[in-house]
Amino acid sequence: MLFEIVILFSLSAVLINLIRRNASSIGLVDIPNERSSHTKVTPRGAGVGFSIAALLSLLFFHSDLVFSYWATFLGILLVLIVGFLDDHKDTAPKTKFIVIIVATLLIAIDGVLIDDLGVYFGQHISLGWMALPFTVLAVVGFTNALNLIDGLDGLAGGVSIVIFSTLFIVGYLNHDDLITYVSLSFIVALLAFLLFNWNPASIFMGDSGSLVLGFVIAILSIKALAYLPAVSILFLAAVPNMDVLIVLFRRKYHKRPLFCADKCHFHHILHQFFDFNTKKTVLFLIILQAVYSLTGLQLDKQIDEGFLLLLFILNVAMLYVILSAMIRRQKRDC
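Within any chain, residue numbers begin from 1 and follow the written order of that chain's sequence. Since the coordinates come from a predicted model, pLDDT governs what is reported: local features require at least 70, and pairs of side-chain atoms require 80 or more to be given and counted, while whole-chain, interface and lining totals use all residues. Only hydrogens and water are set aside when side-chain values are computed; all heavy atoms of the structure are taken into account.

## With respect to the environment of Val-41
Inference 1: Where helices and strands are cited, they refer to DSSP runs of H or I of at least four residues and of E of at least two residues respectively, numbered from the N terminus. Residue placement: Val-41 occurs in the loop between strand S1 (29–30) and strand S2 (42–43).
Inference 2: Remark: the alpha-carbon pair of Val-41 and Val-239, spanning 198 residues in sequence, is separated by 28 Å.

Here's what the structure looks like:
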């Protein structure tokens, strides 16, 4: 296992560095705009490096797992390709949505589906024919939620490491090889990435990274439903989940386009709160995610999930009130 980890870490670092050094010549650069937290042209597309490293490691060391879930890994590859194309030359949002939907249909071939949501106030909810459309909605939603928090050096990578670590614990304790080894592979690959992405970053992961991370976390979270209550998954990935819910609610409340770009996400507001100290902001959000992830791990699968859902909604409401107060104090147009 140690040999596998060392090889994967080294491969991820080498591939990321290779992309970083040749980013300009292959068209993988991020040009700052009014929403950027950086001020100079920076290489991007590191997601290609750490994703390929993780997938190659899995193929080499756990080929039986890859062939058993061939459709799932094909889906991951499709998301990686569309992410790379977006990093190289911006891809239309509609194209990305279609590819993620197709990739979700592929994972369904391997039985990765949300077909049971548990018991809520004594009422058991089984999705039946709604399982596939609900799974598509959930995977597309979370994949983009993870993409939306990729706005500060080290944030998406750091938060993803926490989520993958939680999923690794779930997989290891329940002897689920897919969850265990895929989580571990991305943890190691991301640790190598943070060598280049921790503030000040010398390369960004780009959509090739954030879309793949969101998609893979969604896959493993669905698999984890066999061992955890459905609501606990909301806690395991609380930072991206709460961020997208709060932002969408605020836009709807103020009658703004739901999918418009703005600077009203968690990290934008907290960045100003911490006097634009990127390291403090990112560490705060990583710790916050760790607290929520550990909370999700403690939830019993046998408990009535209605009460757990109320607990999650209460947390979302509390954060909404706090962030709204901060927005008013910062005089943000949200």
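## Side note on the nonpolar core
Inference 1: If you look at the biggest cluster of nonpolar residues, it comprises 106 residues, and the most contacted ones within it are Phe-73, Phe-164 and Phe-215.
Inference 2: Of the residues forming this core, the biggest block, 13 residues, is contributed by helix H8 (residues 177–197).
Inference 3: We call two residues in contact whenever any of their non-hydrogen atoms come within 4.5 Å of each other. Residues within four places of Phe-215 in sequence aside, it is in contact with Gly-75, Ile-76, Val-79, Ile-100, Ala-103, Thr-104, Ile-107, Val-139 and Thr-143. Take the buried Ala, Val, Leu, Ile, Met, Phe, Trp, Tyr and Cys residues and link them wherever side-chain atoms come within 4.5 Å; each set so joined is a nonpolar core. Burial classification: accessible surface area is computed with a 1.4 Å probe over protein chains only, and a residue below 20% of its type maximum counts as buried, one above 50% as exposed, and the rest as partly exposed.

## Re the side chain of Thr-72
Inference 1: Looking at where Thr-72 falls in the secondary structure, it is placed in helix H4 (residues 70–88).
Inference 2: On the accessibility criterion, Thr-72 (2% relative accessible area) is buried.
Inference 3: If we skip the residues at most four places from it in the chain, Thr-72 touches Leu-106, Ile-107, Asp-110, Val-112 and Ile-219.

## Thoughts on the packing of helix H1 (residues 2–22) against H8
The description of two helices packed together rests on the angle between their axes and the distance between the axes.
Inference 1: Axis separation between H1 and H8 bottoms out at 8 Å; the angle between their running directions is 40°. Classified by the interaxial angle, the pair formed by H1 and H8 is oblique. Relative to H8, H1 is oriented so that their crossing is right-handed. Contact with H1, carried on its side by Ile-5, Leu-8, Phe-9, Ser-12, Ala-13, Ile-16, Asn-17 and Arg-20, involves Ser-185, Val-188, Ala-189, Leu-191, Ala-192, Phe-193, Leu-195 and Phe-196 of H8 and no other residues of that element.
Inference 2: Polar here means any residue other than Ala, Val, Leu, Ile, Met, Phe, Trp, Tyr, Cys and Pro, which are nonpolar, and Asp, Glu, Lys and Arg, which are charged; Gly is therefore polar. Residue classes in the contact of H1 with H8 are distributed as 12 nonpolar, 3 polar and 1 charged. Only C-alpha atoms enter the line fits that serve as axes; for helices the fit covers just the stretch in contact. Angles between N-to-C directions range over 0 to 180 degrees. By the definition adopted for this analysis, an angle is roughly parallel if under 35 degrees, roughly antiparallel if over 145, roughly perpendicular if from 65 to 115, and oblique otherwise. Note: crossing handedness is left-handed where the near helix turns anticlockwise from the far helix by less than a right angle, and right-handed where it turns clockwise.

## A short note on the state of the cysteines
Inference 1: Put simply, a disulfide is two cysteine sulfurs that come within 2.5 Å. One pass over the full model with this rule turns up 1 disulfide.
Inference 2: At a sulfur-sulfur separation of 1.9 Å, the disulfide partner of Cys-264 is Cys-334. As the torsion about the S-S bond is roughly -95°, the Cys-264-Cys-334 disulfide counts as left-handed. Taken as a pair, Cys-264 in the loop between helix H11 (238–253) and helix H12 (266–273) and Cys-334 in the segment after helix H14 (305–330) lie far apart in primary sequence, 70 residues in all.

## Quick word on H14
Inference 1: Taking 1.5 Å of rise per residue, the 26 residues of H14 would be expected to cover 38 Å, and the 37 Å separating its terminal C-alpha atoms lies within 8% of that figure.
Inference 2: Residue Asp-304 occupies the N-cap position of H14, its side-chain oxygen lying 2.9 Å from the main-chain nitrogen of Gly-306. How far a helix is expected to stretch is found by multiplying one less than its residue total by 1.5 Å. The definition of a polar contact used here is a pair of N or O atoms within 3.5 Å, where within protein one atom must be able to donate a hydrogen and the other to accept one, and adjacent residues in sequence count solely through side-chain atom pairs.

In short, shape yes, function no, at least from these values alone.
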